[in-house]
2 protein chains.
Amino acid sequence: MEFSEWYSEILERAEIYDVRYPIKGCGVYLPYGFKIRKYTFEILSKLLDESGHEQVLFPLLIPETLLAKEGEHIKGFEDEVYWVTHGGKTPLDVKLALRPTSETAIYYMLKLWVKVHTDLPIKLYQIVNTFRYETKHTRPLIRLREIMTFKEAHTAHATKEEAEKQVKEAIGIYKKFFDTLGIPYLIIKRPEWDKFPGADYTIAFDTIFPDGRAIQIGTVHNLGQHFSKTFEIEFETPTGDKDYAYQTCYGISDRAIASIIAIHGDEKGLKLPPVVAPIQVVIIPLIFKGKEEMVINKAKEVAERLKEYRVHIDDRDIRPGKKYYDWEIKGVPLRIDIGPRDIEEGKITLVRRDTGEKIVIEESELEEKVRETLEDISKRLKESAKERFKKFITICDVEEAKEMLEKKRGIILVPYDNSIYKEELEEKVDAKVLGETEYEGKKYIAIAKTY
Amino acid sequence: MEFSEWYSEILERAEIYDVRYPIKGCGVYLPYGFKIRKYTFEILSKLLDESGHEQVLFPLLIPETLLAKEGEHIKGFEDEVYWVTHGGKTPLDVKLALRPTSETAIYYMLKLWVKVHTDLPIKLYQIVNTFRYETKHTRPLIRLREIMTFKEAHTAHATKEEAEKQVKEAIGIYKKFFDTLGIPYLIIKRPEWDKFPGADYTIAFDTIFPDGRAIQIGTVHNLGQHFSKTFEIEFETPTGDKDYAYQTCYGISDRAIASIIAIHGDEKGLKLPPVVAPIQVVIIPLIFKGKEEMVINKAKEVAERLKEYRVHIDDRDIRPGKKYYDWEIKGVPLRIDIGPRDIEEGKITLVRRDTGEKIVIEESELEEKVRETLEDISKRLKESAKERFKKFITICDVEEAKEMLEKKRGIILVPYDNSIYKEELEEKVDAKVLGETEYEGKKYIAIAKTY
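The rules behind each value
Residues numbered from 1 in each chain as written. Chains lettered and ligands numbered in written order. Predicted model: local features only at pLDDT ≥ 70, side-chain atom pairs only at ≥ 80, totals over all residues. Heavy atoms only, no water. UniProt positions renumbered as here; feature names shortened; annotations may be inferred. Helix = DSSP H or I, 4+ residues; strand = E, 2+ residues; numbered from the N terminus. Domains from an automatic or database assignment. Buried area = accessible area lost by both parts, 1.4 Å probe. Salt bridge = Lys/Arg side-chain N within 4 Å of Asp/Glu carboxyl O. Polar contact = N/O pair within 3.5 Å; in protein donor to acceptor, adjacent residues only side chain to side chain. Core = buried A, V, L, I, M, F, W, Y, C linked by side-chain atoms within 4.5 Å. Buried < 20%, exposed > 50% of the residue type's maximum accessible area, 1.4 Å probe, protein only. Contact = heavy atoms within 4.5 Å. Least-squares fit on C-alpha atoms with pLDDT ≥ 70 in both.

Novice: For this particular structure, what's the right way to read the UniProt feature "domain: Aminoacyl-transfer RNA synthetases class-II family profile" (unreviewed entry) in chain A?
Specialist: With numbering matched to this structure, UniProt assigns "domain: Aminoacyl-transfer RNA synthetases class-II family profile" (unreviewed entry) to residues 31-273 of chain A. The annotated region residues 31-273 of chain A carries 33% helix and 33% strand content, and the separation between its end C-alpha atoms amounts to 18 Å.

Novice: What's the story with the domain arrangement of chain A in this structure? I'm lost.
Specialist: Buried accessible area, meaning the area lost when the parts come together, often serves as the stated size of an interface. Residues and elements named next belong to chain A. Segmentation of chain A into domains returns domain 1 (3-264), domain 2 (279-376) and domain 3 (393-448). Interface area, domain 1 with domain 3, both sides summed: about 1300 Å², of which 64% is carbon and sulfur. On the domain 1 side of the interface with domain 3, the three residues burying the most area are Leu186, Ile188 and Trp193, jointly 45% of the side's total. Our count for the domain 1 to domain 3 interface comes out at one salt bridge. The shortest N-O distance in the salt bridge between aspartate 194 and lysine 432 comes to 3.8 Å. At the junction of domain 1 with domain 3, the criterion picks out six residue pairs in polar contact (both at pLDDT 80 or more). Looking at the side of domain 1 that touches domain 3, the elements with two or more residues in it are strand S9 (186-189) and strand S10 (201-208). Ranked by the residues each element gives to the side of domain 1 that touches domain 3, the list is headed by S9, at four residues.

Novice: Would you take a moment to explain the nonpolar core for this structure?
Specialist: Soluble, globular proteins show a tendency: their nonpolar side chains are buried together. Core analysis: the largest hydrophobic core is formed by 90 residues, its most contacted members being Leu98 of chain A together with Leu98 of chain B. The residues contacting leucine 98 of chain B, other than those within four sequence positions of it, are Leu61, Val84 and Leu98 of chain A together with Leu60, Leu61, Val81, Tyr82, Val84 and Phe131 of chain B.

Novice: When you look at the relation of the copies chain B and chain A in this model, what are you seeing that I'm missing?
Specialist: Superposition of the two copies of the chain requires a rotation about an axis and a shift along the axis. Note on the copies: chain B fits chain A at an RMSD of 0.0 Å, the axial shift is 0.0 Å, and the rotation between them is 180°. Here the symmetry operator amounts to a two-fold rotation axis. Within chain B, valine 84 of chain B has its C-alpha nearest the rotation axis, a separation of 2.1 Å. Here 100% of the contact residues of chain B are again contact residues in chain A; the copies associate through an equivalent surface.

Novice: Would you take a moment to explain the environment of leucine 223 of chain A for this structure?
Specialist: Residues and elements named next belong to chain A. In this fold, leucine 223 is placed in strand S11 (residues 214-224). The class of leucine 223 is buried, set by a relative accessible area of 0%. Through-space distance from the C-alpha of leucine 223 to that of threonine 202 is 8.6 Å; in sequence the pair is 21 residues apart.

Novice: Sorry if this is basic, but what is going on with the environment of phenylalanine 231 of chain A here?
Specialist: All names here are of chain A. Positionally, phenylalanine 231 belongs in the loop between helix H7 (226-230) and strand S12 (234-236). Sequence-wise, phenylalanine 231 and isoleucine 106 are 125 residues apart; in three dimensions their C-alpha atoms are separated by 9.9 Å. Excluding residues that lie within four positions of it along the chain, phenylalanine 231 makes contacts with Leu66, Lys69, Glu70, Thr104, Tyr107, Tyr108 and Lys111.

What follows is the structure, given as structure tokens:
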């Protein structure tokens, strides 16, 4: 089955996201999908909280006057901003944009908060919906008109060096985040012509989907003083001089969820890393006449012993095969079958979603084996994803790039050469130049067909 | 100081919400305010999750055609809906509303999800931003144009009785929620002329702010089949007939946060119930020359022993008085002063924010006394709030109502009489008729000046 077809089907069958909402590019996070989203972004929040970021919440609406203040920034967004023009039947004096991203909203307030170098650094983030009037083909959780989940962090610093250091910290946080999810990536510095509108430079995380197309799943921008000069975020330095704040911002969206689905899933459905699985262990009581009570009681006992996990007993009155099928689609990492024979022999049967492997253990080993197995599932999911990712990386000369890209898809790395690193290269290879990257210690230009 | 002035000042000084955003009725949740919001709505989420509600996320945008489908509903909202009319420079074919509330968005999808009685009940909720183009005076967290936090639950049932039962469950959940926050309330059935647009009836939770004005802080609506008929949420009954779903919805907004602030606070600042306090215990090391290390180490030791709480050591290099002052503004329930004399005597000094009381305890009793004191603070905050609330309730005849309201403010209860329970009554008493309510076993008409 073709990837995009598989992907649409899995969103529906695993009950993640319903695309039937009557606006193009807008859909509904269903309960199961919402939980995956919740656990995923909790990981990110935790990483940000632990590194001294503070969560805030800014308004959705941005006055046109504010959004248009930074020239390059508005140029980058003006074709895709949704505009609110009326309140009730009253035309508004100033049009209001639905935030495509919140630099301008946040930096207006930063001017009010930053007076002196001791007010810095400021490290904020919010998790909000943002909007882009996409004219390209929309795709659920990949290219949305309402991006339902955008974690955007914004920082301000007293020196250029601190901003540089912050970029590194942000990259470190995103590495940990994607590593935790088992999502492989390349870290690529975007070319000058493709950086964030208003940034000094942009560092991106790119992964590769099973169809061989690259997809940007996170970005970190060093904004220098572009915005702080425009928004007058000025402070008194320790020597009594005035300077403008040095800023960074970095974001991760619903594409993190799309990646978990796309990168780990297989023909049977999702394969969720335990850390984000709404159900980590599903228990299936195998009911035989006359032994119902014994089986149900054992299922409850096992659930109780595993209560540190997210456990679900599937006691629906349908045949076990149908249950297996349902939970495979939903990607539950570990299944436990409880049947009379196992009970009589003091055994428990574990079934791994990732490998399909059956493991029969002694009842007494339950907690230990479940812990080990879940850990191993996380590890194996990450390793397999990495293996597939590596197969999609091809190193070749620029002359072969176009052909190799057609043949092998994925990301093509051509040895870095300043004389070819130009926007024209995109035409030559008929693909996107992702930027410059290090791979196994060498410097390359990365090229790919992208989402 | 007048309440509204106190309220504005406390939002700013306790760093809860910054009103200086350049759109009327839109502001910024600051880190401290965001945390209060987070803990508050986590309580509500937990209550909803435990009672079988599932969290989802629907789009912000609602096509005009959908919003206008239910006649009464759109009539109730048409003057205050924000309209998106353009994507980039392109006029949209169909105007898009920023959700004022999500009935129409959700019920469009329910039609797709509900086919047969076994698909019911469905109990969903989401926590989102909603929008009202308020022409009245806006007030931070009380009357916003961007309501930053709206928990809206939506349920669908197979029978009228189940919907009735759901209304009761919702009321029970909201009672627990406000009880946990120590916020007193009356539960009042709104009059026919003031129910939710499209509902059979509306039950509201009203509290009273220190200025004596009543404020609606939660509502529960029985929608009957109004929306299900319009949106064709039809299902096959157990007998093979067709019926339309019976629906309810219920909501709580940022006003929950406003209530925590307004109802518990005093002239010194916030008084936060421990359950929602971002910092539950603040430790102030009292530094004396030559004894710095001893004090700091003891502060750390105490923090470690209290790690099940949200504890903060304030080691700023400023005088203790300034620290006391700061944490009083921020409403931290319990302060612990650590000084050399206490340490030498094996004592610890606790200071309650609610009563100002100092409690000197033995070091060995720390965990026990802190637990007891925090529990007592929760209890006392609730009791004091209730006492003040009761003083604001006046029972009198309808003829005295207007005068009593002017004199005593708060909520006036006049004995229920069908012949006076009409919209005209509002003119007569020059106030809002909140509806009918039971108070100490008797039935009344509740009247108040409102927010």
